[in-house]
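Read off the chains here:
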Amino acid sequence: MEPNQNGQKQLQIELKEETAQGVYSNLAMITHSSSEFVMDFISMLPGMAKAQVRSRVIMSPEHAKRLLVALQDNVMKYESAFGRIELNGQKGTYMPPISDFHGEA
């Protein structure tokens, strides 16, 4: 870490070009144990029999809670700027139907 103008340490973050491209996901599956949360980000395409895990993120329960708080904050900011995000008329958690799901962890 390098000090900034106020003498505080500042974290330098590198974003490689291939990572900056991002990965599209329209489904996330989350599991957990006593020591970690595992989030699989999946791409489901219409008419395809298989969905592909595009990225897996594993984090501690503390970091998962920090992510939850950060997502809540960002969704509130988004909705104040662009309007309410609707979840296809569903109230609460929305889970698209998955039939005959066979996955590997």
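Below or above, wherever it landed, is the structure these notes cover. (Residues numbered from 1 in each chain as written. Predicted model: local features only at pLDDT ≥ 70, side-chain atom pairs only at ≥ 80, totals over all residues. Heavy atoms only, no water.)

1. Notes on the side chain of Asp40
Point 1. Positionally, Asp40 belongs in strand β4 (residues 37-43).
Point 2. Looking at Asp40, its side chain comes within polar contact range of the side chain of Arg56, at 2.5 Å.
Point 3. Setting aside its immediate chain neighbours within four residues, Asp40 contacts Leu27, Ala28, Met29, Val53, Ser55 and Arg56. (Helix = DSSP H or I, 4+ residues; strand = E, 2+ residues; numbered from the N terminus. Polar contact = N/O pair within 3.5 Å; in protein donor to acceptor, adjacent residues only side chain to side chain. Contact = heavy atoms within 4.5 Å.)

2. Re the sheet that holds strand β3 (residues 27-32)
Point 1. Here three strands make up an open sheet; going across it, the order is β3-β4-β5 and the pairing antiparallel. Edge positions in the sheet fall to β3 and β5 (52-59), since each has one partner strand and no second. With strand direction ignored, the average angle separating the axes of adjacent strands in the sheet is 20 degrees.
Point 2. When β4 meets β5, the two strands line up antiparallel, connected through seven bridges. Along β5, the bridge assignment pairs Ile42 with Val53. (Pairing = 2+ DSSP bridges. Axes fitted to C-alpha atoms, helices over the stretch in contact; angles between N-to-C directions.)

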